Each structure stands twice: as structure tokens, then as C-alpha cells.
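Residues per chain, in single letters:
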Amino acid sequence: MAYKITDACLNCGACLDTCPASAISQGDTACVIDEAACLSCGVCAEGCPASAIVPAE
């Protein structure tokens, strides 16, 4: 199951370096996860200070 970034994202970029697959990029207002590249490891969610990264349903 891939992860997604919710509207709670602060666009701080803390998650960018945590992703081992480099599946996260910084957008204009929030970070974005490339679901096709996501390894579903959850490391990004653990490193998000806003708890904005959750499993995609």
C-alpha cells in the first residue's frame, strides 16, 4: 500500500531525504508522493513533523 500526503502538509521538506526510493518531491503548496515509486515502507510518515503522511486507501 502506497502512502499519500494530506492537506496537513507544511511543505517543510522534512520527508524528502527520508524516502529511500526518492518518491517524494516538493510541490508549490505541499510535498507529493509518486505512488508508483513508493515502496510502502512508511519511513516518510515517521519523519513528518505534521503527521501529514498516511497510508493511501
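Here is what the cut-offs are and how they apply
- Residues numbered from 1 in each chain as written.
- Predicted model: local features only at pLDDT ≥ 70, side-chain atom pairs only at ≥ 80, totals over all residues.
- Heavy atoms only, no water.
- Helix = DSSP H or I, 4+ residues; strand = E, 2+ residues; numbered from the N terminus.
- Rg over C-alpha atoms; globule rule 2.2 N^0.38 Å.
- Buried < 20%, exposed > 50% of the residue type's maximum accessible area, 1.4 Å probe, protein only.
- Areas by Shrake-Rupley, 256 points an atom, 1.4 Å probe, with all protein chains shown as cover.
- Disulfide = S-S within 2.5 Å.

Re the overall build of the protein
Stage number 1. A tally of helices and strands in the protein yields one helix and four strands.
Stage number 2. In terms of C-alpha radius of gyration, the protein reaches 10 Å, essentially the compact-globule figure of 10 Å for 57 residues.
Stage number 3. Counting only C-alpha atoms, the protein reaches 25 × 20 × 20 Å along its principal axes.
Stage number 4. Here the protein, with 57 residues, has 33% of them falling under the buried criterion.
Stage number 5. Working note: accessible area of the protein is about 3,500 Å², and carbon and sulfur atoms make up 48% of it.

A short note on the state of the cysteines
Stage number 1. Scanning the model with the defined rule gives zero disulfides in all.
Stage number 2. In this structure cysteine 15 is a free cysteine whose sulfur lies 4.0 Å from that of cysteine 31, the closest cysteine sulfur available.
Stage number 3. On the accessibility criterion, cysteine 15 (6% relative accessible area) is buried.
Stage number 4. Cysteine 48 forms no disulfide, and the closest cysteine sulfur to it belongs to cysteine 12, at a distance of 6.2 Å.
Stage number 5. Given a relative accessible area of 16%, cysteine 48 falls into the buried group.

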